[in-house]
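Remarks on the overall topology
Listed here are the chains, written in short residue letters.
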Amino acid sequence: MKKILAALLFSWCGLGWAQTAEELLADGKNTENVTTFGMGYDLKMYSPLKQINKSNVRRLVPIWSFSLANDMGEHSQPTIYNGVMYVVNGNWTFAIDVATGRQIWRTPVQYERGALRVATSGALMRGPATIYEGKLFRQTVDAHVLALDMKTGKEIWKQKYAEWKEGYKGVIAPIIANGVLVSGMGGGDSTTRGFVDGYDPETGKQLWRRYTIPAPGEPGSETWPHQTKPDAWKYGGGATWQSASYDPQLDLLYIGTGNAEPYNPTFRDGADCLFTASTLALRPKTGELVWYYQSVPNDSFDFDATAESLLADIRVDGKTRKVLINAHKNGFLYVLDRTNGKPIAANPYVKVNWATHIDLKTGRPVLTDLLERAMKGETVNVFPSRGTNATLIAFNPKTGLVYLNSWNFPRLMKYVDFKFVLGTGSTGIESTMTTPPGEPAGYHMAIEPLSGKVAWQVPMMDFASSAGMLATDGGLLFTGLLTGEVIALDQANGKRLWQFKTGSSVNAPPITYTHRGRQYVTVLSGRGGSIANRVVTDSVPAGGSVWTFALMPN
């Protein structure tokens, strides 16, 4: 009876409020909806849509824009369901009519303002507006996760998951996997111990917690210096501040963990420090750890492994393999077997000087002398400081190529003394970051994932890109620039075919979808985040907005 009434409501008002697990699994098949982050659970950032293509993209024009009443930065991806667009940022949650850009409702985020002292970049939100069975789920900067009614924006439940005064913060949207709301946490540069939580989406009851750093006696705890530094594990980092991907056939959720804390390995005795800088495969129902791959044992250069893992089935040595592709912050493009975590390939996609290569037999990086020199007190220049700036990559299964925005941004760093103060920064380094004079700030790139061969690259001279990449069957790549442009590139060679200047930096992943059969492209604009603010400073104004584009009629 409830389903019949719901169907009648939809036909009467044209707006849908409920949404099912089946619709999450089918994301990408119904192009009228975008119900998960990354255009699908596999985070491929790929769409088969081709109404907008290389031959007509010059006719792409803005249909509407919408102010997000926010100056702290826009990093999230809109969610589309039955003609309604849902958008989250650090201060608001919105429901917007897709066709007109008119507000349906908005709900302010209630949080303790003191939490902004911990979240030094302000109140930010990464990922999507997560929706499931009539509810919208999100985090708040003061370390809460909550559910809103999709129809009204009214709060249904709210749970505190950590204490912001201890360095924890909410920056990442949760994900629904196998009926469980799975939620990470931020604060990996402070005195925190990372974890992933599972919640009942109906009630908000916590079902499980998987710490990313084991307690003494738990598997992996032998990789921490319990004898000499018995408290190191309690504040050892391993934050889970970027989005997870999910394979429903294997029932595995893949999430990356952040750097070890402090960066200075002296305070951790140079131990491997599991499960920091790792990719974890978890059972969403229980939080069981099925496998892990630690890409950077004894992470001493802030090489988070949190970059989203893209899932694909590709041919390897003549056989189709289920793989996970990760453009790591450390500068290597990894291909792992996602059934067991074994490395298949790992090739540098930017300049790397901290390691010579990745040993595929052991999975460990083969280090240069850079770490040894830093440990002796030398100031060293680490390439890269980040291969990408925490942005989604794209994969087109028809071309077999990975598309990404890379950064040429080394870190000049020196290890220094560290005094523990609960709730404050705990890096143990002094550092500066800048692009070498005369060199590109970064590149738009297309890469063959197994060989690491660069199919093409186009330099970005002024600023690198902090926006995600979206590939379509129209032969296009959509992305954005810190100077405010939304751009379309030719997938074959990276040539810029179209651009539109928004009012602020584009840090967010674009999406594409149809509404009543017409293809649209939408992206958020709004300068924010510590690196983007540091790079462009006040040369680009702040101010959040949504921009939606479609082809101008003939």
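Residues numbered from 1 in each chain as written. Predicted model: local features only at pLDDT ≥ 70, side-chain atom pairs only at ≥ 80, totals over all residues. Heavy atoms only, no water.

1. Concerning the overall build of the protein
The condition that has to hold: Only runs of H or I of at least four residues qualify as helices and only runs of E of at least two qualify as strands under DSSP, and these elements are numbered from the N terminus. Radius of gyration here is computed from C-alpha atoms only, and the compact-globule reference equals 2.2 Å multiplied by the residue count raised to the power 0.38. Only heavy atoms enter the contact rule, under which two residues are in contact if any of them lie within 4.5 Å. All accessibility values rest on the Shrake-Rupley procedure with a 1.4 Å probe; residue burial counts only the protein chains present in the view. The sign given to each residue is positive for Lys and Arg and negative for Asp and Glu; His and the chain ends receive no count. For this purpose, a charge sits on NZ of Lys, CZ of Arg, CG of Asp or CD of Glu.
Scanning the protein from terminus to terminus reveals four helices and 40 strands. Expected size for 554 residues packed as a compact globule is a radius of gyration near 24 Å; at 22 Å, the protein falls within 12% of this value. Seen through its C-alpha atoms, the protein measures out along the principal axes to roughly 70 × 50 × 50 Å. Long-range pairs, those at least 24 residues apart, make up 60% of the contacts in the protein between residues at least 6 apart in sequence. In the structure as shown, the protein presents an accessible area of about 20,500 Å², 52% of it carried by carbon and sulfur atoms. With 55 positive and 48 negative side-chain charges, the protein shows a spacing of 4 Å between the two charge centroids.

2. Considerations on the environment of valine 61
Summarising the element assignment, valine 61 is placed in strand S2 (residues 60-67). In this structure the C-alpha to C-alpha distance between valine 61 and serine 530, which are 469 residues apart in sequence, comes to 31 Å. The residues contacting valine 61, other than those within four sequence positions of it, are Thr548, Phe549, Ala550 and Met552.

3. Some thoughts on the sheet that holds strand S23 (residues 332-337)
Applicable threshold: If DSSP finds at least two bridges between two strands, the strands pair. Geometry is summarised by axes, namely lines fitted to C-alpha atoms with helices restricted to the contacting stretch, and by angles between N-to-C directions that run from 0 to 180 degrees.
The four strands are arranged S21-S22-S23-S24 in an open sheet whose pairing can be described as antiparallel. A single partner strand is all that each edge strand has here, and the edge strands are strand S21 (310-316) and strand S24 (343-348). On average, adjacent strands in this sheet sit at an angle of 30° to one another, irrespective of strand direction. Here strand S22 (residues 319-327) runs beside S23; their pairing, made up of five bridges, is antiparallel. Residue pairing for S23: alanine 327 is matched across the bridge by leucine 333.

4. What about empty space enclosed by the protein?
To keep things clear, this is the line we draw: Only protein atoms enter the 1 Å grid used here, on which a cavity is any set of points holding a 1.4 Å probe that cannot leave and a pocket is any open set flanked by protein within 12 Å on both sides along at least five of seven lines; residues with an atom within 4 Å of a point are listed as lining. Grid points are joined across faces, edges and corners, and a volume is the space filled by probe spheres set on the points. Under the scheme applied here, ten amino acids are nonpolar (Ala, Val, Leu, Ile, Met, Phe, Trp, Tyr, Cys and Pro), four are charged (Asp, Glu, Lys and Arg), and all others, including Gly, are polar.
A complete count under the given rule lists four cavities of 30 Å³ or more for this structure. If you add up the space inside the largest cavity, you get close to 220 Å³. In terms of lining, the largest cavity is formed by 23 residues, of which the most central are Thr130, Ala173, Pro174, Ile175 and Ile176. Of the residues belonging to the lining of the largest cavity, the class tally is 14 nonpolar, nine polar and no charged.

5. Quick look at the nonpolar core
What counts is decided by this rule: The set of buried Ala, Val, Leu, Ile, Met, Phe, Trp, Tyr and Cys residues whose side-chain atoms join them within 4.5 Å is what this entry labels a nonpolar core. Three labels apply to residues, based on accessible area from a 1.4 Å probe with only protein chains included: buried if under 20% of the type maximum, exposed if over 50%, partly exposed otherwise in between.
The biggest cluster of nonpolar side chains holds 52 residues, and the ones touching the most others in it are Met85, Tyr403 and Val546. By residue number, the principal contributor to this core is strand S40 (residues 545-551), which donates five residues. Setting aside anything within four residues of it in sequence, one finds tyrosine 403 in contact with Ile393, Ala394, Asn396, Met445, Ala446, Trp456, Met469, Ala471, Leu477 and Gln491.

6. Concerning the packing of aromatic side chains
Put simply, the rule reads: Pairing of aromatic rings covers Phe, Tyr and the six-membered ring of Trp, with a centre-to-centre limit of 6.5 Å; geometry is then stacked below 30 degrees between planes, edge-to-face above 60, and tilted otherwise. Consider the ring centre and the ring normal. A charge sits over the ring if Lys NZ or Arg CZ is within 6 Å of that centre and within 35 degrees of that normal.
Counted by the stated rule, this structure contains 25 aromatic pairs. Judged by centre distance (4.8 Å) and plane angle (75°), the ring pair of phenylalanine 275 and tyrosine 292 falls under edge-to-face. Of this pair, phenylalanine 275 sits in the loop between strand S18 (252-256) and strand S19 (278-282) while tyrosine 292 sits in strand S20 (residues 289-294), and the two are 17 residues apart along the sequence. Take phenylalanine 275: its relative accessible area is 7%, and that puts it in the buried class. By relative accessible area, tyrosine 292 is classed as partly exposed at 38%. Among the aromatic residues, those joined into a cluster by ring pairs are Tyr293, Phe301, Phe303, Phe332, Tyr334 and Trp354. Lying over the aromatic face of tyrosine 211, arginine 193 brings its terminal NZ or CZ to 3.7 Å of the ring centre. For lysine 351, the ring lying beneath its charged end belongs to phenylalanine 383, and the centroid distance is 3.9 Å.

7. A look at the environment of serine 278
Mapped onto the elements of the fold, serine 278 is located in strand S19. Placed ten residues apart in sequence, serine 278 and glutamate 288 show a C-alpha to C-alpha distance of 15 Å. In this structure serine 278 touches Ile255, Gly256, Thr257, Tyr293, Gln294, Ser295 and Ala305, once residues within four positions along its chain are discounted.

8. Digging into the layout of surface pockets
Counted as a void, the second largest pocket has a volume near 570 Å³. As for the second largest pocket, its lining consists of 26 residues, and the residues nearest its centre are Leu25, Tyr41, Asp42, Lys44 and Leu311. At the level of secondary structure, the elements contributing two or more residues to the lining of the second largest pocket comprise helix H2 (21-25), strand S17 (245-247) and S21. Per-class residue counts for the lining of the second largest pocket are 14 nonpolar, four polar and eight charged.

9. What to know about the sheet that holds strand S35 (residues 476-480)
The five strands are arranged S1-S34-S35-S36-S37 in an open sheet whose pairing can be described as mixed. Since the sheet does not close on itself, it has two edges, and those belong to strand S1 (46-47) and strand S37 (496-501), each with one partner. Of the pairings in the sheet, the one linking S35 to strand S36 (residues 485-490) comprises five bridges and is antiparallel in character. Bridged to phenylalanine 478 within S36 is alanine 488.

Functional significance is not addressed by these values, which are geometric in nature.
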